[in-house]
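# Architecture at a glance
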Amino acid sequence: MNAHSETPAPYGPVAAPEAERWMREALALARAAQDRGEVPVGAVVVRDGTIIGRGGNAPIAANDPTAHAEIAALRSAAAALGNYRLPDCDLYVTLEPCAMCAGAIMHARVRRLVFGARDPKTGACGSVIDLFAEARLNHHTRVTGELLATECGALLSAFFAARRANA
């Protein structure tokens, strides 16, 4: 985890062992998405030390461009709590969220976002644009990037290398 990639907010830093545990859960969901032929991205929503939402990429199978891992995990958590707001929740995702997912994260009022690999093509946490740093928005999720970035990035790189080799 790189300290330079964390945005300021009124709560403390992510506890490394616990954060790695949740990111490894997200990685397992990413691998499951890969096994289904989807881009390997996984996400979990955690509240009070318990996973309350899980998601893996599924836009191909669902014929749904919004079926990203983050959206699935947010929907699962919201259903579990019976509330679309998730203010006491943290989201762990293997890839830096896109603008669509960043918007959903903010609308859900997620307390903290922790992501693995950066996304230089569509990343909305600083790689392309930083929606979470936009001061005019009314909710500010704390963002920590690059947790297990090498492992998360390697999974994605291997997936796309295999696709290119089979094309």
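What you see is a predicted model, and the numbers here were worked out from it, not measured in a lab. (Residues numbered from 1 in each chain as written. Predicted model: local features only at pLDDT ≥ 70, side-chain atom pairs only at ≥ 80, totals over all residues. Heavy atoms only, no water.)

### Observations concerning the overall build of the protein chain
For the record, the criterion: Helix and strand definitions follow DSSP, with helices as H or I runs of at least four residues and strands as E runs of at least two, each counted in order from the N terminus. As a reference, a globule follows 2.2 Å times the number of residues to the power 0.38, and the radius of gyration itself is taken over C-alpha atoms. Classification of residues uses two cut-offs on accessible area relative to the type maximum, computed with a 1.4 Å probe and protein chains only: under 20% is buried, over 50% is exposed, and between them is partly exposed. Contacts: residue pairs with any heavy atoms within 4.5 Å of one another. Surface accessibility in these figures is a Shrake-Rupley result with a 1.4 Å probe; residues are shielded only by whichever protein chains are displayed.
Scanning the protein chain from terminus to terminus reveals 5 helices and 5 strands. Starting at the N terminus, the α and β elements of the protein chain follow one another as α-β-β-α-α-β-α-β-β-α. A compact globule built from 167 residues should have a C-alpha radius of gyration of about 15 Å, and the protein chain, at 15 Å, falls within 12% of that. When the backbone C-alpha atoms are referred to their principal axes, the protein chain occupies close to 50 × 35 × 30 Å. Within the protein chain, buried positions represent 46% of all 167 residues. Restricting the contact set of the protein chain to residue pairs at least 6 apart, pairs at least 24 apart contribute 59%. Per element, the accessible surface of the protein chain, about 8100 Å² overall, is 55% carbon and sulfur.

### With respect to the state of the cysteines
Here is the rule we go by: Pairs of cysteine sulfur atoms within 2.5 Å are identified as disulfides in what follows.
This structure, assessed with the given rule, holds 0 disulfides. Cys101 provides the cysteine sulfur closest to Cys89, a residue in no disulfide bond, and the two sulfurs are 17 Å apart. Free of any disulfide, Cys152 has its nearest cysteine sulfur in Cys125, 13 Å distant.

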